[in-house]
Amino acid sequence: MAKVSPDVAEELVFHQTDDRFYLEPVNSRQVLVIDRLNHDITLEENVGQVPFGAARRTVYGLVGILHLIAGPYLVLVTRRTKVGVLNKQTIWRVVGTDAVPYARTTTHLTPEQRQYNEKYIAMVQQVLSTPYFYFSYTYDLTHTLQRLYYTAEDFLQMALHERADPRFVWNQHLLRDLSVQPEMSAFCLPIMHGFISIKQCSINGEWFTWSVISRRSVYRAGTRMWMRGIDQEGAVANFVETEQVVEFRDFRTSFVQTRGSIPLHWSQEPNLRYKPDPRIRNARHEEAFTRHFESQVLNYGRQVAVNLVNGKGPEGKLHDAFRNLIETSGRQMIKDNVRYEHFDFHHECRKMRWDRLSILMDRLEQDRETMGYFLLREGVVLLEQEGVFRTNCIDCLDRTNVVQSMLARKHLQSVLTRMGILSERQRIEDQLSFELAFRNVWADNADVISTEYSGTGALKTDFTRTGKRTRLGLLKDGWNSGIRYIKNNFADGERQDGMDLFLGKYQVEPGEGVTRPCPLKNQQGNRILLFPGAVFFSLLMVFACVLLPSEYNSFILLSLLFWAAMMVAAAFATLLQGRQLVNAPRLATQSLTLATA
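Residues numbered from 1 in each chain as written. Predicted model: local features only at pLDDT ≥ 70, side-chain atom pairs only at ≥ 80, totals over all residues. Heavy atoms only, no water.

Colleague: What should I look at first to understand helix α7 (residues 313-328) in this one?
Modeller: Because an α-helix packs 3.6 residues into every turn, residues spaced three or four apart end up facing the same way. In this model, α7 (16 residues) spans 23 Å end to end at C-alpha, consistent with the 22 Å of a helix rising 1.5 Å per residue. Within the sequence span of α7, burial applies to Glu315, Gly316, Leu318, His319, Phe322, Leu325 and Ile326. (Helix = DSSP H or I, 4+ residues; strand = E, 2+ residues; numbered from the N terminus. Expected span 1.5 Å × (residues − 1). Buried < 20%, exposed > 50% of the residue type's maximum accessible area, 1.4 Å probe, protein only.)

Colleague: Could you clarify how one ought to interpret the environment of Pro549 in this entry?
Modeller: Along the chain, Pro549 turns up in the loop between α16 (530-547) and α17 (554-576). A residue is classified by how much of its surface remains accessible, and Pro549, at 21% relative accessible area, is partly exposed. Pro549 has contacts with Ala544 and Ile556, leaving out every residue within four places of it along the chain. (Contact = heavy atoms within 4.5 Å.)

Colleague: What is the right way to look at the pairing of strand β19 (residues 380-383) in this model?
Modeller: Residues in a regular strand point their side chains to alternate faces of the sheet. Pairing analysis gives 3 bridges linking strand β18 (residues 374-377) to β19, with the strands arranged antiparallel. The residue of β19 that forms the bridge with Arg377 is Val380. Joining the antiparallel neighbours β18 and β19 is a turn of 2 residues, in which Glu378 adopts a positive phi near 55°. (Pairing = 2+ DSSP bridges.)

Colleague: Any chance you could explain unusual backbone geometry here in plain terms?
Modeller: For residues that are not glycine, phi is negative in most cases, and the peptide bond is trans in most cases. A cis amide bond links Pro131 to the next residue, Tyr132, at an omega of -15°. Tracing the sequence through the fold places Tyr132 in the loop between α1 (111-128) and β9 (133-135). The backbone phi angle of Lys351 is positive, close to 60°, even though this residue is not glycine. Tracing the chain through its elements places Lys351 in the loop between α9 (345-348) and α10 (357-371).

Colleague: Would you explain the nonpolar core in this entry?
Modeller: Considering soluble globular proteins, one finds that nonpolar side chains tend to be buried as a cluster. Phe208, Trp210, Leu357 and Leu416 are the most contacted members of the largest nonpolar core, which has 67 residues in total. Considering every element that reaches this core, the biggest residue donor is helix α11 (residues 398-418), with 8 residues. The next biggest cluster of nonpolar side chains, apart from the first, holds 39 residues, and it includes Val8, Ala70, Tyr116 and Ile191. (Core = buried A, V, L, I, M, F, W, Y, C linked by side-chain atoms within 4.5 Å.)

Colleague: How should I be thinking about a nonpolar patch on the surface in this particular structure?
Modeller: A cluster of nonpolar side chains, namely Leu539, Phe543, Val546, Leu547, Leu548, Tyr552 and Leu557, defines an oily patch on the protein surface of about 720 Å² accessible area. Sorting elements by how many residues they give to the nonpolar patch places α16 first, with 4 residues. (Patch = residues over 30% accessible without salt bridge, like charges linked within 9 Å, V, L, I, M, F, W, Y side chains within 5 Å. Areas by Shrake-Rupley, 256 points an atom, 1.4 Å probe, with all protein chains shown as cover. Salt bridge = Lys/Arg side-chain N within 4 Å of Asp/Glu carboxyl O.)

Colleague: I would appreciate a short explanation of the packing of α11 against helix α12 (residues 432-454) in the present structure.
Modeller: Between two packed helices, both the angle of their axes relative to each other and the distance between the axes serve to describe the pair. Running from N to C, α11 and α12 cross one another at 145°; their axes reach a closest spacing of 10 Å. Judged by the twist between their axes, the crossing of α11 over α12 is right-handed. Contacts between α11 and α12 involve Asn401, Gln404, Ser405, Ala408, Arg409 and Leu412 on the former and, on the latter, Phe434, Glu435, Phe438, Arg439, Trp442, Asn445 and Ala446. Partitioning the contact of α11 with α12 into residue classes produces 6 nonpolar, 4 polar and 3 charged. (Axes fitted to C-alpha atoms, helices over the stretch in contact; angles between N-to-C directions. Left-handed = near helix turned anticlockwise from the far one by under 90°. Nonpolar A, V, L, I, M, F, W, Y, C, P; charged D, E, K, R; others polar.)

What follows is the structure in structure tokens.
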């Protein structure tokens, strides 16, 4: 077996002929050859077999191979941008991709199949255009500094895709045709989804590198309303591991936090109402709940579950169930390592009293000091992080990010003082240039993670960016909430399908659309649009009765009342059938929620 290189080829020349693809790494004597007819993939010595005059272009990595109705597609990274240098290794962000079909034509497909195939391509392109995907040719982005430090030397010699944490490799399904052949590891580029910021900062004349890395999990990945709660394996929706790293001279330090949906079997599927009530499933929560926290403790150590949902109302039921599962758990590991901390964010901070978040910070301070952070100096471990804050609100977006940013500032205050960058009497808040950068990076983190899950930027980022809640921020939140409502009800079904297709939760089978039905086929008739159409028409008639007459009489007033009543009745009927009108996923719907027992 050929020796496996731990690094990935950084720059490739992609050659395309009628019957083959050639991927030729720069400064390498080998070339990857893909037969477009029989789909064979081989690694050959480069002896000039690339035909002269073949179409060629430079690409920067291979996302993988996607199988659709028309056959396989080679997905390439066509543009990249440098994010920065982390731990002496260069980190890149994907800017452009291209899906190149093996088949030279789609004439072998029926018109209906071509339509489905184009729809699948559009879904994948939508996933790849969602901000942001990151990679490195030499550095394992999927592991924290502490995990990397405690890996064996043999582990570091493994191929990059083999040693990557599978929770955070978004293209592992697309790499499956290559990853089974170890000699092709130089072409297997693991790609992470989330957020990365790497900044060179200066305080008191001392320069250091400050980074924030958020890794979004592939397990139970999806959109805001269609993916909630936990699955039977213990994976929760919108699980994100966020690491804050500081590099200064011979110091390396990191502080890790996690976020994730409330670990119960619950759902909140859209039904045209502005805020559908969350529904707790009649299922066995204990088994999945235990698996989740046992995995959390194994990966991170002690857990402080910070729950920011409302204490009353529909969210309050989730709070009660979450707390009860922790308090009544029969597993000793959970009893010894999981502490529940509830903070009713909206109630405590009502009337824009966001200064009251200090109450929560005071309650968490002892845990923060006890769990600590990872600190390395000249290769010697001075401190280890022995636990994490697992923070959630209903979405694990807006309230969650506010609290995580405040905990991150506490960590920075500690490490910058310990490193001698800050004096004992100095506070981060007083370092105006760095404080501005800190606030904007954490607000950007909130916006990106929120866009990946909900489709819009985060709410409450005015507090993160400025340190106070503003009326302008409230207006912006109202706008984003409206956009979320539209996307969650009328666009997120296809976004969910795109993620399920990209991650391999749904796999297109040959002959789909002919030998077997395609799930993209619209089964709903136009009659479903009758009531929304009636609402729209009645609204037009109301406006006509108000604006068009030069003078009002009893007939006009009766007509106005009639059409207003029709509009209300049609709107009520529309809400009653709201679940049938929303844009629902059609590919891997069985993975979204558990059936009610």
